[in-house]
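If you want the building blocks of each chain, they are given just below.
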Amino acid sequence: MTRAANAPRDAIDAAAPATPRAGHVTLVGAGPGAADLLTVRAIRALRQATVVLVDDLVDAGVLRYVRPSARIVHCGKRGGAVSTQQGFIEAMLVSEALHGERVVRLKGGDPYVFGRGGEEVAALRAAGVAHTVVPGITAGIAAPAEAGIPVTDRRWAQGVLLVTGHAQPGHAGPDWAQLAHTARGGITLVIYMGITHSADITAALMAAGLAGSTPAAVVQSGCTPQQRAHVGTLRTLAGDIRRVGIASPAILVIGDVVRAAALMQDGGSSIDLPTPRAATA
Ligand code: SAH
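Computed from a prediction, not measured in an experiment: that's the story for all the values here.

## Some words on the environment of Arg41
And then number 1: Residue placement: Arg41 occurs in helix 2 (residues 40–48).
And then number 2: Take Arg41: there are 16 C-beta atoms within 10 Å of it, and that puts it in the partly exposed class.

Written as structure tokens, this is what we have:
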């Protein structure tokens, strides 16, 4: 991007109601777990950072771009693990920036896709802290891609829906009956955080009329050396996950586009599903 193209954003940042010593916060998407899936812009932000707050799904290799003098703070939030409260993270972002630090908030995938980036930006805005967002490659697109699944392949789908399988405390969670209807209309369902409740999710989709024979896949640790992918059907998916021992982080993909992965595995000779397959490394 040229200097001229940057001008409007520079002008906006300059006008931000920050204190004279105020630093800056950049929310950076680190991609799905492989350091070489970082964007060039993400690397630039990491090189400039004086403080880096890191989420736990971020590949450690990404931190090689951080200068040795920078402070690195790990604030994982995975289920069951010791986690840092979201409010604490937001307060820390604000306070570090107000102390003049160039802060990078490093998040797995894309900061705005189930990444709480929106909440953090709201906190920064409320505090008058200048900020930028660097989009990242989201796991819901990249993990299926690595397993051979093009999520909007036009032979089978007209779109893709990114949805969480994990209801927020105090919220009802996704309306699976509605989503079954959507999926029947040719929209691929890509479900984040869906492993724990996969039995309930698949049962609810089938109860609402989505055929049990609908192709379905799960991809664990997509884009990393630990990637495992499994292809089956909506009916077999939850049992397969248990049997094969798939664990978080994993993405569920439900829809006919999963046939593309089956085609690939069969060398293109067959599109027959289901044939529950052993996990592939
Ligand atoms: N902001 C992230 C998503 C964070 S929510 C993004 O855009 O990708 C965390 C969930 O993302 C995990 O529970 C899992 O469902 C999914 N996920 C993250 N990394 C993954 C990976 N490498 N492979 C498969 N799923 C992944």
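## Comments concerning helix 2
And then number 1: Listing the buried residues of helix 2 in full gives Ala42, Ala45 and Leu46. An end-on view of helix 2 places all buried positions within 100° of arc, on one side of the element. Looking at helix 2, the residues exposed on the side facing more than 90 degrees away from the buried face are Val40 and Arg47.
And then number 2: Elements that come into contact with the buried residues of helix 2 comprise strand 1 (24–29), strand 2 (51–54), strand 4 (102–107) and strand 5 (131–134).

## Overview of helix 3 (residues 86–98)
And then number 1: The end-to-end C-alpha distance of helix 3, which contains 13 residues, comes to 18 Å, matching closely the 18 Å that a straight helix rising 1.5 Å per residue would cover.
And then number 2: Taken together, the buried positions of helix 3 are occupied by Ile89, Glu90, Leu93, Val94, Glu96 and Ala97.
And then number 3: Check the buried side of helix 3 and you find it contacts strand 1, strand 2, strand 4 and helix 4 (117–126).
And then number 4: Count one or two residues on from helix 3 and you reach Gly100, which has phi positive near 90°.

## Examining the sheet that holds strand 5
And then number 1: Pairing in this open sheet of five strands is parallel, and the strands run 3-2-4-1-5 from one edge to the other. The open sheet terminates on both sides in strands that have one partner only, identified here as strand 3 (71–74) and strand 5. When the angles between neighbouring strand axes are averaged without regard to direction, this sheet yields 15°.
And then number 2: Both strand 1 and strand 4 contribute to a ladder of six bridges, which runs parallel. Bridge pairing in strand 4 places His24 opposite Arg102.
And then number 3: Against the sheet, helix 2 makes contact with strand 1, strand 2, strand 4 and strand 5, and its axis sits at roughly 140° relative to strand 1, the strand it touches most.

## Topic: the environment of Gly212
And then number 1: Structurally, the position occupied by Gly212 is in the loop between helix 7 (198–207) and strand 8 (215–220).
And then number 2: Judged by the 15 C-beta atoms lying within 10 Å of it, Gly212 is partly exposed.
And then number 3: It is 4.5 Å that separates the C-alpha atoms of Gly212 and Arg235, two residues lying 23 residues apart in sequence.
And then number 4: Ignoring sequence-local partners within four residues, the contact set of Gly212 consists of Met206, Thr233, Leu234 and Arg235.

## Some thoughts on the sheet that holds strand 10 (residues 250–254)
And then number 1: Read from one edge to the other, the open sheet built from five strands follows the order 6-7-10-8-9, with strand pairing classed as mixed. Edge positions in the sheet fall to strand 6 (159–164) and strand 9 (228–233), since each of these pairs with one other strand and no more. Across the sheet, the mean angle separating the axes of adjacent strands is 20° when strand polarity is ignored.
And then number 2: Pairing of strand 7 (residues 187–192) with strand 10 involves four bridges; the strand directions are antiparallel. Paired with Val190 across the two strands is Val253, which belongs to strand 10.

The rules behind these values
Residues numbered from 1 in each chain as written. Predicted model: local features only at pLDDT ≥ 70, side-chain atom pairs only at ≥ 80, totals over all residues. Helix = DSSP H or I, 4+ residues; strand = E, 2+ residues; numbered from the N terminus. Buried ≥ 20, exposed ≤ 12 C-beta atoms within 10 Å, placed from the backbone. Arc of directions from axis to C-beta. Contact = placed C-beta atoms within 7 Å. Expected span 1.5 Å × (residues − 1). Pairing = 2+ DSSP bridges. Axes fitted to C-alpha atoms, helices over the stretch in contact; angles between N-to-C directions.

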